[in-house]
Amino acid sequence: MSLEIKICGLSTAETLEASLGAGADMVGMVFFAPSPRHVDLATAAVLGAQARGRAQIVALTVDADDATLAAILDALRPDMFQLHGHETPARVAAIKARFGLPVMKALGIAAREDLAALPAYEAAADRLLLDAKPPKGATLPGGNGVTFDWNLLAGLDLARPFMLSGGLDPENVASAVRLIHPPGLDVSSGVERGPGIKDPSRIEAFLRAARAAEAEGEPRRPTGNTFADATSTGTQPTPPSPARETSPS
Ligand SMILES: O=C(O)c1ccccc1NCC(=O)[C@H](O)[C@H](O)COP(=O)(O)O
């Protein structure tokens, strides 16, 4: 299966069109009022109509209740919910059962211990999105333009597809693809020119760089979503550039 790329936090017809035209597989809309990327239901309905059938539409929520999810479902008719709050595995399973939509659960990764949560979420969600944890004092749980140590994913063996996320941009995405060979990529602030303002040329550059890196070759790791234990072969991935902590740019 080819690399799936999601452009998250789209809020205008122009930048949505740039993402669709450049070949994004998924487009994400954020329903979280404190975010500069937040869209209201009326805007979401219009954007949803523009994207339908051209890419998977992802509705991103943070600890939303059922009434909020129902209203989003009605307005946007997404293909998937992305849960970016503190939803437990039981809550993830309940949302999936109640709304009958695939669910992607976002999980923050900062240390090897964080991987311990993955099996329970894998059992409940259709996909995982492995993101950086928000920096101290951040007001947003995601979309902070911060990377994490990609080496933590060495040896990871997941049954579900995952998306690599957090601080990706047109400049570093090729390194991430070469190192991790993830099934999916997700980006938000790295393709913006200011907080919440997507830049069509950066969206296109991101997709181009990711696809070019993907085309360089097959994953070094034997199965699409399984990271062969690099330690067992004595092969260690090279470290990513140091995590950067920037405000959305
Ligand atoms: O993007 C937001 O504003 C946002 C708000 C609340 C919860 C999650 C949010 N974004 C989550 C995403 O899926 C981002 O694409 C992901 O965290 C990566 O963001 P970035 O590091 O800016 O590429």
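Residues numbered from 1 in each chain as written. Predicted model: local features only at pLDDT ≥ 70, side-chain atom pairs only at ≥ 80, totals over all residues. Heavy atoms only, no water.

Peer 1: Requested: an account of the overall build of the protein, with residues and values cited.
Peer 2: Scanning the protein from N- to C-terminus turns up 7 helices and 10 strands. Accessible surface, the protein as shown: approximately 10,400 Å² in total, 55% of it carbon and sulfur. (Helix = DSSP H or I, 4+ residues; strand = E, 2+ residues; numbered from the N terminus. Areas by Shrake-Rupley, 256 points an atom, 1.4 Å probe, with all protein chains shown as cover.)

Peer 1: Mind laying out the nonpolar core, listing which residues take part and the relevant values?
Peer 2: Membership of the largest hydrophobic core comes to 63 residues, with the highest contact counts inside it found for Ile7, Val27, Phe81, Leu130 and Leu164. With 7 residues, the next largest nonpolar core counts Met26, Val58, Ala106 and Leu129 among its residues. (Core = buried A, V, L, I, M, F, W, Y, C linked by side-chain atoms within 4.5 Å. Buried < 20%, exposed > 50% of the residue type's maximum accessible area, 1.4 Å probe, protein only.)

Peer 1: Please give an account of the pairing of strand S5 (residues 103–109) that cites residues and values.
Peer 2: Among the 7 residues that make up S5, 6 are buried, leaving the element largely enclosed by the rest of the structure. Handedness of the crossover joining strand S4 (residues 80–83) and S5 through helix H4 (residues 89–99) is recorded here as right-handed. Summarising the sheet, S5 and strand S6 (residues 127–132) pair through 6 bridges and their orientation is parallel. If you follow Lys105 over to S6, its bridge partner there is Leu128. Where the polypeptide runs from S5 across helix H5 (residues 118–124) and back to S6, its parallel neighbour, the crossover connection is right-handed. (Right-handed = clockwise from strand over helix to strand, strands pointing away. Pairing = 2+ DSSP bridges.)

Peer 1: Let's hear about the sheet that holds strand S3 (residues 56–61): which residues, and what values?
Peer 2: Read around the closed barrel, 8 strands run S1-S2-S3-S4-S5-S6-S7-S8, paired in parallel fashion. The mean inter-strand angle of the sheet, taken between neighbouring strand axes irrespective of direction, is 30°. Bridge count between S3 and S4: 4 bridges; the pairing is parallel. Bridge assignment links Thr61 to a residue of S4, and that residue is Leu83. Contacting strand S2 (26–31), S3 and S4, helix H3 (residues 66–76) runs over the sheet at an angle of about 155° to S3. (Axes fitted to C-alpha atoms, helices over the stretch in contact; angles between N-to-C directions. Contact = heavy atoms within 4.5 Å.)

Peer 1: Please set out the UniProt feature "domain: N-(5'phosphoribosyl) anthranilate isomerase (PRAI)" (unreviewed entry) in the protein residue by residue, giving values where relevant.
Peer 2: Within the UniProt annotation, "domain: N-(5'phosphoribosyl) anthranilate isomerase (PRAI)" (unreviewed entry) is assigned to residues 5–207. With 32% helix and 22% strand, the stretch residues 5–207 has end C-alpha atoms that lie 8 Å from each other. (UniProt positions renumbered as here; feature names shortened; annotations may be inferred.)

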